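Report on the structure
Given next are the chains, with one letter for each unit.
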Amino acid sequence: MADDADVIVVGGGLAGLVAAAEIADAGKRVIVVDQEGEQSLGGQAFWSFGGLFLVDSPEQRRLGIKDSFDLALQDWMGSAGFDRDEDLWPKRWAEAYVAFAAGEKRGWLRAMGHRIFPVVGWAERGGYDAMGHGNSVPRFHVSWGTGPGVVEPFERRARQAQANGRLTFKFRHRVDALSITDGAVDGVSGAILEADPVERGKSSSRKVVGDFTLRAQAVIVASGGIGGNHDLVRQNWPKRLGEAPKNMISGVPEHVDGRMIGITEAAGARLINRDRMWHYVEGIRNWSPIWPRHGIRILPGPSSMWFDATGTRLPSPLFPGSDTLGQLHYIMSTGYDYSWFVLTQSIIKKEFALSGSEQNPDLTGKSWLMTARRTTNKGAPAPVEAFKTHGVDFIVRDNLADRKYIGDRLIRTAKPHRILDPLHGPLIAVKLNILTRKTLGGFETDLDSRVFGNDRKIMPGLYAAGEAAGFGGGGMHGYRSLEGTFLGGCLFSGRNAGRAAAKAAG
Ligand SMILES: Cc1cc2nc3c(=O)[nH]c(=O)nc-3n(C[C@H](O)[C@H](O)[C@H](O)COP(=O)(O)OP(=O)(O)OC[C@H]3O[C@@H](n4cnc5c(N)ncnc54)[C@H](O)[C@@H]3O)c2cc1C
């Protein structure tokens, strides 16, 4: 039977788009298969804040931040805590990825038109010793245009390839199986879902109207993680974080269903580190949801007072923005799955950023004028004010260290003040929920994104990229992330997969 293309990519998220663009630009024919409609092209990355981990960038240098590959690698390894036999490839990926972030990542993106907002954020600050978890310096670079600004160059390249006939999109095609001939993966089959004009990100119909089979020399699985499937999250929940939360909200659309991970595993691929995940504790229920149980993560500055459900302050160093998994572990040990921020209008105005492209119309719309208003406006950005008014997790009433980093002072840290000072009011209490997001484990891959089988040998014809591959290797983050590393992991692993598959296609 003749091949339909040289390579099939399962998933039109960021990792899949990057891989497909590389394959087409290498002169090969590629088909991108996605269960969602064309309107959802770009997957999670479209909704993302577009934060990118970069090392020793011009933006950092302009702000007086001294960073280096060695410091970043030390931070990465201290956060990852690799301690398993199966961490061999994840660790190799981590080293290669930090080199990419300190090297060609910024220039490669820039050459495609990507731009960066000049104030660098300081996420996951840790608070432990120098070799422990956390970023020693600010490294969170927000893309101008947020998530859509990251997707745009790759969608453009993919559309050009589509126009010249090298790339074909098959939307509403859900892969249900991989085909294997003489030990090599050589195609996919599945169901054609009925057309559904739902808005981007909303749950779409699962009514089957046909079936399909496609053949190629290789298949790249870029189907995302499991964060939209709470049953799978609970099944894989690690005991070291306590019991799985009873109540969770979703930081990802429903298509992040983990189904293709099960299908690929059933075909013999080696899934490792499935108990490593990255979920947030600062989730608020979206008063205007797009997907089921839609939650938004607050990217908090350091000044809010943080109380667990029993009214006890979280212990040092678990300040907002310090250690995501440490906070999750602490909160689950209280016997409750929520906590509270108590803050003032002055703090919310400066310190509450909401992670999501639709929650940041100024940055997403690339408007300098609107963005500048963040520093001059009396209120918080409009989407934050809207949460204050409509969000079920907000209570607003009238009664009841300064860090040295210049970026904080400019836009991200409120001046120290007495929390009960009415001049800084009203007082605001925000109930924080656990919000599912990223899957850190995935398919074990070598640096060419080739997938290992359960016999520990490469499965010919099978590649994995993005969240499905644990962002590279089957979990290049180890246990913890330094943030802004997920989009970058999709770029890097998607690029490696695309280039390697194109080369192998001869
Ligand atoms: C609100 C939000 C904010 C974020 N902010 C950041 C940030 O600032 N920085 C950062 O680094 N990361 C961030 N992330 C994380 C990052 O966006 C994701 O980890 C990344 O985009 C995952 O990309 P992916 O291509 O691996 O998977 P996805 O984007 O999930 O794409 C997978 C695609 O595969 C398709 N698919 C799945 N199964 C099948 C099947 N069986 N058949 C056919 N198609 C299938 C899906 O429909 C989907 O289109 C954020 C995520 C969200 C949701």
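Above this text is the structure in question.
Described below are features of the structure shown in this document. In this text, all values refer to a predicted model and were calculated from it rather than measured experimentally. (Residues numbered from 1 in each chain as written. Predicted model: local features only at pLDDT ≥ 70, side-chain atom pairs only at ≥ 80, totals over all residues. Heavy atoms only, no water.)

1. Some words on the nonpolar core
How we decide: What makes a nonpolar core is a set of buried Ala, Val, Leu, Ile, Met, Phe, Trp, Tyr and Cys residues whose side-chain atoms join them at distances within 4.5 Å. Buried residues are those whose accessible area, probed at 1.4 Å on protein chains only, stays under 20% of the maximum for their type, while exposed residues exceed 50% and partly exposed ones sit between those limits. Secondary structure follows DSSP: runs of H or I at least 4 residues long count as helices, runs of E at least 2 residues long count as strands, and numbering of each begins at the N terminus. Pairs of residues are marked as contacts when any of their non-hydrogen atoms sit within 4.5 Å.
In this structure, Ile220 and Val430 are the most contacted members of the largest nonpolar core, which totals 121 residues. It is helix H16 (residues 486-504) that provides the largest number of residues to this core, a total of nine residues. Setting aside its immediate chain neighbours within four residues, Ile220 contacts Val7, Ile8, Val9, Val10, Ala19, Ile23, Tyr463, Ala465, Ala497, Gly498 and Ala501.

2. With respect to the site of the ligand
Put simply, the rule is: We call a residue near a given molecule or strand whenever any one of its heavy atoms falls within 4 Å of it. The term polar contact refers here to a pair of N or O atoms within 3.5 Å; inside protein, the definition further demands a hydrogen-donor-capable atom paired with an acceptor-capable atom, and it admits residues adjacent in sequence only when both atoms are side-chain atoms. To be clear on the numbers: accessible area is Shrake-Rupley with a 1.4 Å probe, and residue cover counts the displayed protein chains and nothing else. The residue classification treats Ala, Val, Leu, Ile, Met, Phe, Trp, Tyr, Cys and Pro as nonpolar and Asp, Glu, Lys and Arg as charged. All others, Gly included, are polar.
As a structural note, the neighbourhood of the ligand is formed by 40 residues, with Asp34, Gln44, Gly51, Glu467 and Leu487 the closest of them. One of the backbone N or O atoms of Ala15 is found 3.0 Å from an oxygen atom in the ligand. Val175 is positioned such that a nitrogen or oxygen atom in its backbone is 2.9 Å from a nitrogen atom of the ligand. Against a free-state accessible area of 1000 Å², the protein chains account for coverage of 99% of the ligand. Elements represented by at least two residues in the shell around the ligand include exactly helix H1 (14-25), strand E2 (30-34), helix H2 (43-47), strand E6 (173-181), strand E18 (427-439) and H16. Take the shell around the ligand: its biggest share by element is four residues, from H2. Partitioned by chemical class, the residues of the shell around the ligand number 16 nonpolar, 18 polar and six charged.

3. Observations regarding the sheet that holds strand E1 (residues 7-10)
Defined as follows: DSSP-based pairing: two strands are paired if at least 2 bridges between them are found. Simply put, an axis is a line fit to the C-alpha atoms, just over the touching stretch for a helix, and the angle between two N-to-C directions goes from 0 to 180 degrees.
The sheet built from six strands is open, its strands ordered E5-E2-E1-E9-E21-E20 with mixed pairing. For this open sheet the edge positions go to strand E5 (167-171) and strand E20 (450-452), each flanked by a neighbour on one side alone. Across the sheet, the mean angle separating the axes of adjacent strands is 30° when strand polarity is ignored. Across two bridges, the pairing between E20 and strand E21 (residues 458-464) is antiparallel. Bridged to Arg450 within E21 is Tyr463.

4. Description of the packing of helix H5 (residues 88-102) against H16
Let me state the cut-off plainly: Orientation categories follow fixed angle ranges, with anything under 35 degrees roughly parallel, anything over 145 roughly antiparallel, 65 to 115 roughly perpendicular, and all other angles oblique.
Two elements in contact, H5 and H16, have axes whose closest approach is 11 Å; the angle formed by their N-to-C orientations is 105°. For the element pair H5 / H16, the angle class is roughly perpendicular. When H5 is examined against H16, the residues Trp93, Ala96, Tyr97 and Phe100 are found in contact with a partner set consisting of Gly488, Gly489, Phe492, Ser493, Arg495 and Asn496. Here the residues of the contact of H5 with H16 sort into five nonpolar, four polar and one charged.

5. Focus on the packing of aromatic side chains
Note the cut-off: Each Phe, Tyr or Trp ring, with Trp reduced to its six-membered ring, pairs with another whose centre is within 6.5 Å; inter-plane angles below 30 degrees give stacked pairs, above 60 give edge-to-face pairs, and intermediate values give tilted ones. Two conditions define a charge located above a ring, namely a distance within 6 Å from the ring centre to NZ of Lys or CZ of Arg, and an angle within 35 degrees of the ring normal.
One pass over the structure, following the stated rule, counts 23 aromatic pairs. Arranged with centres 5.3 Å apart and planes meeting at 85°, the rings of Phe46 and Trp47 form a pair that is edge-to-face. By relative accessible area, which is 22% here, Phe46 ends up partly exposed. With a centroid separation of 6.0 Å and an interplanar angle of 55°, the aromatic rings of Tyr97 and Phe492 are classed as tilted. Judged by its relative accessible area of 0%, Tyr97 is buried. The rings of Phe53, Trp76, Trp93, Tyr97, Phe100, Trp108, Phe154 and Phe492 are connected pair by pair, giving a single aromatic cluster. Above the plane of the ring of Trp89 lies Arg92, whose end atom (NZ or CZ) is 4.5 Å from the centre. Positioned above the aromatic ring of Tyr338 is the side chain of Lys431, whose terminal nitrogen or guanidinium carbon lies 4.3 Å from the ring centre.

6. Structural notes on the side chain of Glu444
Mapping Glu444 onto the fold places it in the loop between strand E19 (442-443) and E20. Among the polar contacts made by the side chain of Glu444, one reaches the side chain of Arg270 at a distance of 2.7 Å. The residues contacting Glu444, other than those within four sequence positions of it, are Trp89, Arg270, Ile272, Arg450, Val451, Phe452, Arg456, Gly473 and Gly474.

7. Looking at the sheet that holds E6
If you trace the three strands from one edge of the open sheet to the other, you get E6-E7-E8, paired in antiparallel fashion. The open sheet has two free edges, formed respectively by E6 and strand E8 (208-215), since each of these has just one partner strand. Between one strand and the next, the sheet's axes are offset by a mean angle of 20°, whatever the strand orientation. With eight bridges joining them, E6 and strand E7 (residues 184-193) adopt antiparallel strand pairing. The partner of Ser179 across the bridge, within E7, is Gly187.

8. Description of the side chain of Gln359
Turning to its location among the elements, Gln359 is positioned in the loop between strand E16 (352-355) and helix H12 (361-364). The class for Gln359 is buried, based on a relative accessible area of 10%. A distance of 3.4 Å separates a polar atom in the side chain of Gln359 from a polar atom in the side chain of Glu358. Once you skip the residues sitting within four places of it in the chain, Gln359 turns out to touch Asn286, Ile296, Leu354, Pro383 and Phe387.

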